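# Fold and contact review
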Amino acid sequence: MSPVLKAGPVSQARYEALHVLVRIERDRAFADIALEHALERARLDPRDAALCTEIVYGTLRWRRHLDWRLAPHLKRPLAKLDPWVRALLRLTAYQLVFLDRVPRWAAVDEAVSVARLKSRVAGPAEFVNAVLRAFTRAPGPPRLPVDPVEAAGTRWSFPDWMVRRWLGRYGTEEAERLMAALNERPPVTIRANTLRISREDLAARLRDEELAETDPTPLAPEGLTVRRGAVGRWTAFTAGWCSIQDEASMLIAHLLDPQPGELVADTCAAPGTKTTHLAQLMGNRGRIVAMDPHAGRLRLLTQAAARLGVVIVEAHAGGVAAVAGRWKGRCDRVLVDAPCSNLGVLRRNPDVKWKREEAELGRLAEKQQGILAAAATLVKPGGRLVYATCSLEPEENDEIVRGFLAGHPDWRVDAPAGFPVAPDADGFIRCLPHVHGTDGFTAVRLARSPRR
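Please read these numbers as outputs of a predicted model, since none were measured by experiment. (Residues numbered from 1 in each chain as written. Predicted model: local features only at pLDDT ≥ 70, side-chain atom pairs only at ≥ 80, totals over all residues. Heavy atoms only, no water.)

## Here's the deal with the state of the cysteines
- If you walk through the whole model with that rule in mind, you get zero disulfides.
- Take Cys268: it sits in no disulfide, and the sulfur closest to it among the cysteines is that of Cys340, at 10 Å.
- Here Cys268 falls in the buried class, since its relative accessible area comes to 12%. (Disulfide = S-S within 2.5 Å. Buried < 20%, exposed > 50% of the residue type's maximum accessible area, 1.4 Å probe, protein only.)

In structure tokens form, the structure reads like this:
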């Protein structure tokens, strides 16, 4: 457990945030579990845990912007500093620019206290003090770069390669709206487990028993946006009345539209959020074959199914190409929620901005092509398949599907009618954070021709 700082609980939250940010920068695979483990270890009370979470995610979202603001007050680049000093300057700058809970002088003093705790010599604390005092005295931010890509990337805190793609695809105004939306704190949304309770009854019970405040989601018929309440602590959650799921993610199961009694395959199923939703839509009648190459993550699926009372899912460890043999040509419907760059969910995973490289899109596309081709072999004549990613990038969506259709003449796009998000001219459903207020998702439904 981390040492308790004499300055009080806010400093403890800051210290834990510093620990997490350093670990995230050092370990590409750490971000998904870093914060949860740090808070569990530190045993912070809910208020300070919330502050720690805000500091971590805010610093990650605005990292480039913060570096730009800090640069004039440094004699050497941030990249040359010790990782913990760099993280401490960033998180304090985030608090000074974007938060107002702690007075500016107190934020600086606490940063200096943390520096003293981290180092046995005076130099780092004196350096942190000098930089942050100069930062607070600055009359305003420095000038933005002249280049429009660099300027937008600096203002909205995104790497140039992402900015360049979005400016070219959407134009300046819409691209900046997209970046602004991806920097917002995402809402907490839950999916009512309609196997046990309706959305309306769930909202009423949460209000009466958990003192929670919720609003119905406009697109997904089972969804509620939580305005107040800690979902993980609810009896309603542990009892299986609901799951945490973004509204765009909820729409994927509706696009597949599985029916009671059908044989359905979910080829990239873990951790099971969409799998259990499919079971809800099927009324817990039929059979869902859930596959995933990560056996450990499949345990999360089986735990979720047990909590929600889902009994029609059978889990199989392995990729679809390796596992699918016995179900080839037998499935009524197949879901391919393909592994992707996650560029559509940056508001929930802001560290991805700084870890992903543009060249990875091509490497991911090769994997996505293989998964889609293998998954398609499961579908019986006349059946349907949904291909979805939490990415907005054409290489992971349009180009994958276009290449698949070119090599499989017995398949076609099957665009839905009357869907909550209208398909575009090519039949794709595109959930956009700045338009729909959801995570960024792209999905398309394909149909296999019946035998003649």
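## Let's talk about the sheet that holds strand 4 (residues 242-244)
- With antiparallel pairing, four strands are arranged side by side in an open sheet as 2-3-1-4. Two strands lie at the open edges of the sheet, namely strand 2 (213-216) and strand 4, each paired on one side alone. Strand-to-strand twist of the sheet, defined as the mean angle between neighbouring strand axes without regard to direction, takes the value 35 degrees.
- Strands strand 1 (188-192), strand 2, strand 3 (223-228) and strand 4 of the sheet are contacted by helix 11 (residues 199-209), whose axis makes an angle of about 15 degrees with strand 3. (Pairing = 2+ DSSP bridges. Helix = DSSP H or I, 4+ residues; strand = E, 2+ residues; numbered from the N terminus. Axes fitted to C-alpha atoms, helices over the stretch in contact; angles between N-to-C directions. Contact = heavy atoms within 4.5 Å.)

## A word on the side chain of Glu393
- On the secondary structure map, Glu393 appears in the loop between strand 9 (379-389) and helix 19 (398-407).
- Residue classification places Glu393 among the buried residues on the basis of a relative accessible area of 1%.
- Within the structure, the side chain of Glu393 is placed 2.9 Å from the side chain of Arg165, a separation counted as a polar contact.
- The residues contacting Glu393, other than those within four sequence positions of it, are Arg165, Trp166, Arg169, Leu343 and Leu361. (Polar contact = N/O pair within 3.5 Å; in protein donor to acceptor, adjacent residues only side chain to side chain.)

## What about empty space enclosed by the protein?
- Considering all chains together, one arrives at one cavity of 30 Å³ or more under this definition.
- Lining the largest cavity, in full, are Leu251, Ile252, Leu255, Phe419, Ile429, Cys431, Phe441 and Ala443.
- Among the elements of the structure, helix 13 (247-256), strand 11 (429-431) and strand 12 (441-448) are those that each provide at least two residues to the lining of the largest cavity.
- Tallying contributions element by element places helix 13 first for the lining of the largest cavity, with three residues.
- Tallied by class, the residues present in the lining of the largest cavity amount to eight nonpolar, no polar and no charged. (1 Å grid on protein atoms, 1.4 Å probe; cavity = no way out; pocket = protein on both sides within 12 Å on 5 of 7 lines; lining within 4 Å. Points joined across faces, edges and corners; volume = space filled by probe spheres on them. Nonpolar A, V, L, I, M, F, W, Y, C, P; charged D, E, K, R; others polar.)

## With respect to the pattern of salt bridges
- Inspection of the entire model under this criterion finds 31 salt bridges.
- Residues Asp439 and Arg348 are paired through a salt bridge, measuring 2.9 Å at the closest nitrogen-oxygen approach. Here Asp439 is found in the loop between helix 20 (433-436) and strand 12, whereas its partner Arg348 is found in the loop between strand 8 (331-337) and helix 17 (352-355), with 91 residues between them in sequence.
- Relative accessible area serves as the criterion here: at 25%, Arg348 is assigned to the partly exposed category.
- One network of salt bridges, with partners in common, ties together Arg165, Arg169, Glu358, Glu393 and Glu395. (Salt bridge = Lys/Arg side-chain N within 4 Å of Asp/Glu carboxyl O.)

## Points about the confidence of the model for the protein
- When pLDDT is averaged along the protein, the result is 91; 93% of the residues meet or exceed 70.
- With pLDDT under 50 throughout, residues 1-10 is counted as low confidence; its partners more than four residues away or in other chains account for 21 contacts. (pLDDT = per-residue confidence, 0-100.)

## Re the pairing of strand 7 (residues 313-317)
- Looking at chain direction, strand 6 (residues 287-292) and strand 7 are connected through five bridges and run parallel. Its bridge partner being in strand 7, Met291 is matched across the sheet by His316.
- Between the parallel elements strand 6 and strand 7, the chain passes through helix 15 (residues 295-308) in a crossover that is right-handed. (Right-handed = clockwise from strand over helix to strand, strands pointing away.)

## Comments concerning the packing of aromatic side chains
- Scanning the entire structure with this criterion turns up four aromatic pairs.
- Centroid distance Phe158 to Trp166: 5.6 Å. Interplanar angle 70 degrees. Geometry classified as edge-to-face. Summarising the burial analysis for this pair, Phe158 and Trp166 share the class buried.
- Plain terms: the ring middles of Phe404 and Trp411 are 5.7 Å apart, the flat faces sit at 65 degrees to each other, and that makes the pair edge-to-face. For the pair Phe404 and Trp411, one class covers both residues: buried.
- The ring of Phe237 is capped by Arg307, whose NZ or CZ atom sits 4.0 Å from the centre of that ring.
- Across the ring face of Phe158, the terminal group of Lys353 is positioned such that the distance to the ring centre comes to 4.0 Å. (Phe/Tyr/Trp six-rings, centres within 6.5 Å; stacked < 30°, edge-to-face > 60°. Lys NZ or Arg CZ within 6 Å of the ring centre and 35° of its normal.)

## Overview of the nonpolar core
- Of all hydrophobic cores here, the largest spans 62 residues; its most connected members are Leu88, Leu89, Val128, Phe158 and Trp166.
- Ranked by the residues each element gives to this core, the list is headed by helix 5 (residues 83-98), at nine residues.
- Once residues within four sequence positions are removed from consideration, Val128 is found in contact with Val85, Leu88, Leu89, Ala111, Val112 and Ala115. (Core = buried A, V, L, I, M, F, W, Y, C linked by side-chain atoms within 4.5 Å.)

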